[in-house]
Amino acid sequence: SQKIEQNSEALNIQEGKTATLTCNYTNYSPAYLQWYRQDPGRGPVFLLLIRENEKEKRKERLKVTFDTTLKQSLFHITASQPADSATYLCALDISSRNTGFQKLVFGTGTRLLVSP
Amino acid sequence: ETGVTQTPRHLVMGMTNKKSLKCEQHLGHNAMYWYKQSAKKPLELMFVYNFKEQTENNSVPSRFSPECPNSSHLFLHLHTLQPEDSALYLCASSQVDRGRNTEAFFGQGTRLTVV
């Protein structure tokens, strides 16, 4: 069956440390992979997009890697802050390149708690 | 403000009621989506509209009926729902050009409770 797995347990880390979140998938061949942040009671907010031919993407304190052989993406937040506490969602874009829409399949998300 | 506005933010309805959720995007995007987010489950894509035409229906029960009158507005009409339909309903939009996809912009969602 097709599956996207993220750490189901909450990740607790100390402020200033690097948080690393994992996204593993099976039976998909996504052209793109995206990471979103979701706060309680609110809609997801886009963070980063990485394409299948890219190994790594960075944006400020965020870094995403994408290994299509391992079928895995890692999401890193360096110098973490309490304000980074949220649920982080991994999403695969499984639409074909010639469709006129995007088809995102989401993982259940990993809750990150950053303590002062 | 994400550029995608959903109303109402909260809705409680009985199983025999008819209600509608509204979504408006101010971003000039060409595709709009309805997602459902239930507790402990991942977001599930329900419907996709591209240039006002429905291009995807993810086996959603007919008690959910989408409507897209123009590229900026999207509705989800609800009737005779079940308690298990209680969830957060999220609208999203994106700009999709053939061969190049971009990120989705989500609204704040409507928290629906069916009693």
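A brief report on the enclosed structure follows. (Residues numbered from 1 in each chain as written. Chains lettered and ligands numbered in written order. Predicted model: local features only at pLDDT ≥ 70, side-chain atom pairs only at ≥ 80, totals over all residues. Heavy atoms only, no water.)

1. A word on the overall build of chain B
Stage number 1. Along chain B, the regular secondary structure elements total zero helices and 13 strands.
Stage number 2. Listed by position from the N terminus, the elements making up chain B come as β-β-β-β-β-β-β-β-β-β-β-β-β.
Stage number 3. Its C-alpha atoms give chain B a radius of gyration of 14 Å, near enough to 13 Å, the size a compact globule of 115 residues would have.
Stage number 4. Along the three orthogonal principal directions, the C-alpha set of chain B runs to about 45 × 30 × 30 Å. (Helix = DSSP H or I, 4+ residues; strand = E, 2+ residues; numbered from the N terminus. Rg over C-alpha atoms; globule rule 2.2 N^0.38 Å.)

2. Here we look at the pattern of salt bridges
Stage number 1. Here the structure, examined in full by the defined rule, presents six salt bridges over all chains.
Stage number 2. A:R37 is paired through a salt bridge with A:D39; the nearest N and O atoms lie 3.1 Å apart.
Stage number 3. Classification of A:R37 as buried rests on a relative accessible area of 18%.
Stage number 4. In this structure A:D39 comes out as partly exposed when scored by relative accessible area, which is 25%.
Stage number 5. When the shortest N-O distance is used, the salt bridge between B:D85 and B:R63 registers 2.8 Å. Of this pair, B:D85 sits in the loop between β8 (73–79) and β9 (87–94) while B:R63 sits in the loop between β6 (53–57) and β7 (64–70); the two residues are 22 residues apart in sequence, bridging distant segments of the chain.
Stage number 6. For B:D85, a relative accessible area of 3% translates into the label buried. (Salt bridge = Lys/Arg side-chain N within 4 Å of Asp/Glu carboxyl O. Buried < 20%, exposed > 50% of the residue type's maximum accessible area, 1.4 Å probe, protein only.)

3. Points about the environment of B:V114
All names here are of chain B.
Stage number 1. By the element assignment, V114 lies in strand β13 (residues 110–114).
Stage number 2. A residue is classified by how much of its surface remains accessible, and V114, at 6% relative accessible area, is buried.
Stage number 3. Along the backbone, V114 and T16 are 98 residues apart, and their C-alpha atoms lie at a distance of 9.7 Å.
Stage number 4. Once residues lying within four places of it in the same chain are set aside, the contact partners of V114 are M13, M15, L81, Q82, P83, D85 and S86. (Contact = heavy atoms within 4.5 Å.)

4. Let's talk about the sheet that holds strand β3 (residues 19–26) of chain A
Residues and elements named next belong to chain A.
Stage number 1. On the basis of which strands lie adjacent, the open sheet formed by five strands has the order β1-β3-β8-β7-β6 and antiparallel pairing. Two strands bound the open sheet, and with one partner strand each, they are β1 (3–6) and β6 (56–59). For this sheet, the mean angle separating the axes of adjacent strands, direction not counted, is 15°.
Stage number 2. One ladder, built from four bridges, connects β1 with β3; its direction is antiparallel. (Pairing = 2+ DSSP bridges. Axes fitted to C-alpha atoms, helices over the stretch in contact; angles between N-to-C directions.)

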